[in-house]
Amino acid sequence: MNSFLAIDQGTTSSRAIVFNSELEVVTESQKEYQLTHPNNGWVEADPCLILDTVQETITNVLNNYDGVISSCGITNQRETTIIWSKLTGKSIYPAIIWQDRRTNKLCEELKNLNHETMIKDKTGLVLDPYFSATKIKWILDNVPNARQEAEGGNLLFGTVDSFLLFNLSKEKNHLTDVTNASRTMLFNINTMEWDKDLLELFDIPVSMMPEVRSCDSNFGTLVQNEKEIAITGVIGDQQAALVGQGCFESGSMKSTYGTGCFLMVNTKNEIIKTNEGLLTTVGYKMNDEVAYALEGSIYSCGTTIQWLRDKMKFFESAKQSEAFLNPEGGSNNVHFLPAFNGLAAPYWNSDVRAGFYGITQNSSIEDMVTAAFKSICYQTKDITNILEGYDISINSLLVDGGMTSNETFCQVLSDVLQKEILKPNNAESTALGACIVSQVGFGMNLSDISIKHGKKITPSLKLKDAYGSDYLSWKTYIESSIG
Ligand code: ADP
């Protein structure tokens, strides 16, 4: 029986999972690591720590598993920006995490110079600090000698996949895949190549950029525990979840609830652009076919639960949060504005920060936790409302990610949306997606790979009206906070 290794490098942790050819987990290892917040709106991580946690989890699973591994797939947090020395492989600055807002002023300046439409036409993205382009520029402009070194051809840029490939592959490959490339704001999704005008606009030498390949390409050879494993798949984490949930048809949709929340719809060969802040992006490229996708991004999702746990000390583990969530969504008129690092779709506001509204002497921890959970559901509703405006019908939603282990949250989500929720048996859709692209890269036929769906959660009709009016009052609070 063939087995496959999936490496899932996320925002809060790194994981390695061995899957068998039935897509069952054989063994897994996970290691959390810390992000740092050196300034208001800044979010960084040590690239060595990212690499160490990845290597540690791979070593753990390979120690536990004696069988032959046919190939390996990598999935990763997207947009996060690392620049390193071509010679030593050492980064010249911490990884700037996707949530980081330090380049907001630059984005505003570029908007004032009317570059927004051109950027959207070429990349499908909104002009926002979220994406890698302004983060790269910031490092080149602020780290001593960085620009000269980059212009001399001595520095390389990569999202986390590229950094891992460079450091883990025997060949020291400097590569990326189309999905990660599509999140840099430097990749033209119409021509599927780095865009000269954008590289010029952001003043980024093309010599820093990785070569872009299909998700199911040969990315090199992983050498670990004296084993050599072919890397035959690379895909960004949200696109990996799309694949892992089996969303291969036009209109099929998934929503992942991890550190952030990302709702993604497969639009196959259609490049659909919306005016309400959804992103047009590359879903995957496999077997020489490109599938495009529409994405609604929500920044603060699991982050909110972590903050309630670590800073407010309301509970000790994310799991315990479930005990404080009112299953019927009552929060005694307390609302939460989930904007630790600004708001993404559909608001795209970098300046606004998080807050509670409606607190009285009688407000309880339960009210605040319930309001926080509802804010995640209401942001999902914002996005499904927009999609429905574009005739994308949503009968059910395929969900995954760490938060969906919380059954009460899934029920509240179903009740808020008044839609059926489908949860896979294996909540690790992201890692599963990496496994599937590596299987395709290894030569397996996509139609021979069968993905099993698990639990169905149905909405309670009796809560429809209460959630309908609560959503409107939450939205009024959000809009008044943005001004
Ligand atoms: P990522 O891949 O972005 O690192 P995960 O999919 O692993 O994220 O999800 C981790 C997030 O899920 C954390 O922010 C954590 O707070 C949240 N989480 C995990 N379990 C629960 C739970 N039972 N209830 C609520 N939130 C949870």
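This section reports on the structure supplied with the text. Because the structure is predicted, anything quoted here is derived from the model rather than measured.

### Describing the site of the ligand
Then, number 1: If you check the shell around the ligand, you find 18 residues, and the closest are Thr12, Arg15, Thr259, Gly402 and Asn406.
Then, number 2: Take Gly302: an N or O atom from its main chain is 3.1 Å from an oxygen atom of the ligand.
Then, number 3: Looking at the shell around the ligand, the element that brings in the most residues is helix H10 (residues 302-310), giving four residues.
Then, number 4: Taken together, the residues of the shell around the ligand sort by class into four nonpolar, 12 polar and two charged.

### Focus on the sheet that holds strand E5 (residues 69-76)
Then, number 1: Strand order in the open sheet formed by six strands is E3-E2-E1-E5-E14-E13, and the pairing between neighbours is mixed. What marks the edges here is a single partner per strand, and that holds for strand E3 (25-32) and strand E13 (220-224). Averaged over all pairs of adjacent strands, the angle between strand axes in this sheet comes to 25 degrees, irrespective of strand direction.
Then, number 2: Here E13 runs beside strand E14 (residues 227-236); their pairing, made up of five bridges, is antiparallel. Residue pairing across strands places Val223 opposite Glu228, the latter belonging to E14.
Then, number 3: Sheet strands touched by helix H9 (residues 237-244): E5 and E14. Its angle to E14, the strand with the most contacts, is close to 95 degrees.

### Details of the pairing of strand E8 (residues 155-158)
Both faces of the sheet carry side chains from a regular strand, because those side chains alternate between them.
Then, number 1: On E8, burial covers both faces: Leu155 and Phe157 on one face and Leu156 and Gly158 on the other are all buried.
Then, number 2: Here strand E6 (residues 82-85) pairs with E8 via four bridges, running antiparallel. By the bridge assignment for E8, Ile83 is matched with Phe157.

### Observations regarding the environment of Gly124
Then, number 1: As for its placement among the helices and strands, Gly124 is situated in the loop between helix H3 (116-123) and helix H4 (132-142).
Then, number 2: Sequence spacing of Gly124 and Ala293 is 169 residues, and the spatial spacing of their C-alpha atoms is 10.0 Å.
Then, number 3: Residues contacting Gly124, with those up to four places away along its chain left out, are Ile119, Ile189, Lys273, Leu279 and Thr280.

Cut-off values and rules
Residues numbered from 1 in each chain as written. Predicted model: local features only at pLDDT ≥ 70, side-chain atom pairs only at ≥ 80, totals over all residues. Heavy atoms only, no water. Near = heavy atom within 4 Å. Polar contact = N/O pair within 3.5 Å; in protein donor to acceptor, adjacent residues only side chain to side chain. Helix = DSSP H or I, 4+ residues; strand = E, 2+ residues; numbered from the N terminus. Nonpolar A, V, L, I, M, F, W, Y, C, P; charged D, E, K, R; others polar. Pairing = 2+ DSSP bridges. Axes fitted to C-alpha atoms, helices over the stretch in contact; angles between N-to-C directions. Contact = heavy atoms within 4.5 Å. Buried < 20%, exposed > 50% of the residue type's maximum accessible area, 1.4 Å probe, protein only.

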